[in-house]
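# Overview (structure and organization)
Chain residues, written in single-letter form:
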Amino acid sequence: QVQLVESGGGLVQAGGSLRLSCAASGGTFSRNAMAWFRQAPGKEREFVAAISWSGGMTNYADSVKGRFTISRDNDKNTVYLQMSSLKPEDTAVYYCAAKPGRYISGTLSREYDYWGQGTQVTVSS
């Protein structure tokens, strides 16, 4: 069983930056594919970024490419999402997700077995 706890959300002006963290416990973190998703009000949950076991492989949604960076620290059992040049359309609840046993997982939420409770990110114009 894997538990995920996100933190770092908040209110920021357009053009600003935030760093989200997701602390994992249970299981073997270094053998979990990890990802970030987000869900805006009235919309479906969407993929943001994914990272492989070692951090050597990453994948991003086109909407965040060049602005967001996913990374992980396997010694700290934590995955991060550095968000820069934030836009109002980035406003959403951001969720951390884990897929144990897979090197890197994909863009569909059903591919992931464990989820955090989410952290709110609000970008004002």
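Quick look at the structure, then. Quick caveat: nothing in here was measured; it's all calculated off a predicted structure.

### Comments concerning the pairing of strand β3 (residues 18-25)
- The pairing of strand β1 (residues 3-7) with β3 spans 5 bridges and is classified as antiparallel. Within β3, the residue paired with Q3 across the bridge is S25.

### Topic: the side chain of D90
- Structurally, the position occupied by D90 is in the loop between β8 (78-83) and β9 (92-100).
- One polar contact links D90 to R67, side chain to side chain, over a distance of 2.7 Å.
- Setting aside chain neighbours within four positions, we find D90 in contact with R38, R67, F68, S85, V121 and V123.

### Here we look at the packing of aromatic side chains
- Scanning the model with the defined rule gives 5 aromatic pairs in all.
- Measuring from ring centre to ring centre gives 5.7 Å for F37 and F47, while their planes differ by 75 degrees; the resulting arrangement is edge-to-face. Here F37 is found in strand β4 (residues 32-39), whereas its partner F47 is found in strand β5 (residues 46-51), with 10 residues between them in sequence.
- By the ring-pair criterion, three or more aromatic residues cluster together here, those being F37, F47, Y112 and W115.
- Taking the ring centre of W53 as reference, the NZ or CZ of R31 above it sits at 4.5 Å.

### Comments concerning the nonpolar core
- Grouped together as the largest cluster of nonpolar side chains are 36 residues, with contacts concentrated most on L4, M34, W36, V79, L81, M83 and Y94.
- If sequence neighbours within four positions are ignored, Y94 has contacts with E6, L20, W36, F37, R38, V48, F68, L81, M83, G118, T119 and V121.

### Points about the environment of G9
- Looking at the element boundaries, G9 is found in the loop between β1 and β2 (10-13).
- Residue classification places G9 among the partly exposed positions, given a relative accessible area of 33%.
- Taking the C-alpha atoms as reference, G9 lies 8.1 Å from Y94; in sequence the two are 85 residues apart.
- If near-sequence neighbours (up to four positions away) are discounted, G9 is found in contact with L18, L20, T119, Q120 and V121.

### Points about unusual backbone geometry
- A positive phi angle, close to 55 degrees, is found at N77, a residue other than glycine.
- Considering the arrangement of structural elements, one finds N77 in the loop between β7 (68-73) and β8.
- Phi at S85 is positive, roughly 50 degrees, even though this residue is not glycine.
- Tracing the backbone through its elements, the reader meets S85 in the loop between β8 and β9.
- The class of S85 is partly exposed, set by a relative accessible area of 41%.

### With respect to the side chain of R38
- Inspection of the secondary structure assignment puts R38 in strand β4.
- At 3.5 Å, the side chain of R38 forms a polar contact with the side chain of S63.
- Polar contacts involving the side chain of R38 include one to the side chain of Y94, which spans 2.9 Å.
- In contact with R38, not counting residues within four places along its chain, are E44, R45, E46, V48, S63, V64, F68, E89, D90, A92, V93 and Y94.

Rules of the game
- Residues numbered from 1 in each chain as written.
- Predicted model: local features only at pLDDT ≥ 70, side-chain atom pairs only at ≥ 80, totals over all residues.
- Heavy atoms only, no water.
- Pairing = 2+ DSSP bridges.
- Helix = DSSP H or I, 4+ residues; strand = E, 2+ residues; numbered from the N terminus.
- Polar contact = N/O pair within 3.5 Å; in protein donor to acceptor, adjacent residues only side chain to side chain.
- Contact = heavy atoms within 4.5 Å.
- Phe/Tyr/Trp six-rings, centres within 6.5 Å; stacked < 30°, edge-to-face > 60°.
- Lys NZ or Arg CZ within 6 Å of the ring centre and 35° of its normal.
- Core = buried A, V, L, I, M, F, W, Y, C linked by side-chain atoms within 4.5 Å.
- Buried < 20%, exposed > 50% of the residue type's maximum accessible area, 1.4 Å probe, protein only.

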